[in-house]
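One-letter residues, chain by chain:
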Amino acid sequence: MGAIENPGLNILANKAANSEKWTAERVLSIRYWTPTLLSFRTTRYRAFRFTPGHYTRLGLGAGDDLVWRPFSLAAAAYDDFLEFIAVLVPGGAFSEPLRQLRVGDTIRVDKASYGFLTVDQLAPGKDLWLLASGTGLGPFLSILRDPAVWQNHQRLIVAHSVRHSAELAWRDEIADISQGELFADAQATLAYLPIVTREPGATALSEHIPQLLADGRLEAAAGTPLDVAASRLMVCGNPEMARELRQFLGARGFATNRRGVPGQMAFEKYW
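Residues numbered from 1 in each chain as written. Predicted model: local features only at pLDDT ≥ 70, side-chain atom pairs only at ≥ 80, totals over all residues. Heavy atoms only, no water.

If you had to explain the side chain of Thr42 to someone new, which residues and values would you point to?
One can find Thr42 in strand 2 (residues 37-43). If near-sequence neighbours (up to four positions away) are discounted, Thr42 is found in contact with Glu25, Arg26, Val27, Leu28, Phe81, Leu82, Phe84 and Ile107. (Helix = DSSP H or I, 4+ residues; strand = E, 2+ residues; numbered from the N terminus. Contact = heavy atoms within 4.5 Å.)

Put into structure tokens, the structure is as follows:
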């Protein structure tokens, strides 16, 4: 969530936050995947807490030019830094100061975290599908960095759809997560399915995720069938993808969390 400019989603985020609600954090690193796609790390306030899949709000600017936007947290809950991913939009009220951001600069971070795109919103299941388009991968990186996710599932399937191969952020990091010391007790296997839609031949899969699910190719590539009893799905990406997947999965018997009853699928409102 919040990795692309859109004023409609940001009404709440643009409410002025005072010094009691945010901390000033220092930018530790910036990584440009493309000229308009970047991820960055900041320091972390010692009392800041979040659940993998949550988002918080970031503020840039000063005075009347201070702008707040929601951003999903890509860092692990135990990291001593915070990490985010963003798309720069020409002329965007947040994008322009973000474009000027340099290591050592200060950015405001809301003290609270929010959202329902968390594993605990789902009923227990064997297979966890993480379906993302673009910067919707951000919250899933945080979820994948949680050792409990690897201990409590048999299979993890990550499908990441982008237009160009350079936008496959954290591709190598995702493949190496399970090699970390904290994952020594991991039970799950990982199927990482990159999908590039505008470079023919760049990846084995090149259609949009809803199409790949509808014709069975995503299940075939994952080597795992979708099953209401065993499969749990989390979706973060553009609203058209989310709408199509909600309709498709609903027709197959999957449901979201309702009145405290855990469901089989969860969605993030992306913009």
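Break down the sheet that holds strand 6 (residues 106-110) for me, with residues and values.
Spatial ordering of the open sheet is given by 4-3-6-1-2-5, a layout of 6 strands whose pairing is antiparallel. Each edge of the open sheet is held by one strand with a lone partner, namely strand 4 (67-72) and strand 5 (81-87). Between one strand axis and the next, the sheet turns by 40° as a mean value, whatever way the strands run. In the sheet, strand 2 pairs with strand 5 via 7 bridges, with the strands oriented antiparallel. Looking at strand 5, one finds that Phe40 is bridged to Phe84. (Pairing = 2+ DSSP bridges. Axes fitted to C-alpha atoms, helices over the stretch in contact; angles between N-to-C directions.)

Before we move on, could you go through the pairing of strand 3 (residues 55-60) and cite the residues and values that matter?
The buried fraction of strand 3 is high, at 6 of 6 residues. By the alternation rule, side chains of strand 3 split into Tyr55, Arg57 and Gly59 and Thr56, Leu58 and Leu60, which are all buried. Relative to strand 4, strand 3 is paired through 6 bridges, and the arrangement is antiparallel. The residue bridging Tyr55 from the neighbouring strand is Ser72, located in strand 4. Examined bridge by bridge, strand 3 and strand 6 share 2 bridges and lie antiparallel to one another. In the sheet register, Gly59 faces strand 6, and the bridge partner there is Arg108. (Buried < 20%, exposed > 50% of the residue type's maximum accessible area, 1.4 Å probe, protein only.)

Go over the pairing of strand 7 (residues 127-133) with me, naming the residues and quoting the values.
For strand 7, the buried fraction is high: 7 of the 7 residues fall into the buried class. Neither face of strand 7 is left uncovered, since the one carrying Asp127, Trp129, Leu131 and Ser133 and the one carrying Leu128, Leu130 and Ala132 both have all their residues buried. Sheet analysis places strand 7 next to strand 10 (residues 231-236), joined by 6 bridges and oriented parallel. If you follow Leu131 over to strand 10, its bridge partner there is Val235.

Any details on the side chain of Thr34? Residues and values, ideally.
Tracing the backbone shows Thr34 in strand 1 (residues 22-34). At 3.0 Å, the side chain of Thr34 and the backbone nitrogen of Leu37 are in polar contact. Residues in contact with Thr34, not counting those within four places in the same chain, are Ala166 and Glu167. (Polar contact = N/O pair within 3.5 Å; in protein donor to acceptor, adjacent residues only side chain to side chain.)

Which residues make up the pattern of salt bridges, and what are the values?
The final tally for this structure, using the stated rule, is 9 salt bridges. A salt bridge links Arg41 to Glu83, with the shortest nitrogen-to-oxygen separation between them at 3.4 Å. Pair noted here: Arg41 is in strand 2 and Glu83 is in strand 5, with a separation of 42 residues, a long-range link. Across the pair Arg145 and Glu83 runs a salt bridge, and its minimum N-O distance is 3.0 Å. With Arg145 in the loop between helix 2 (138-144) and helix 3 (147-152) and Glu83 in strand 5, this residue pair connects regions lying 62 residues apart in the sequence. (Salt bridge = Lys/Arg side-chain N within 4 Å of Asp/Glu carboxyl O.)

Which residues make up the sheet that holds strand 9 (residues 189-196), and what are the values?
Read across the open sheet, the 5 strands follow the order 9-8-7-10-11; overall the sheet is parallel. Lying at the two open borders of the sheet, with one neighbouring strand each, are strand 9 and strand 11 (265-267). On average, each strand axis in the sheet is inclined to that of its neighbour by 10°, with strand direction left out of account. Here strand 10 pairs with strand 11 via 3 bridges, running parallel. By the bridge assignment for strand 11, Leu233 is matched with Met265. Of the strands in this sheet, strand 7, strand 10 and strand 11 touch helix 7 (residues 239-251), which is tilted by about 165° from strand 11.

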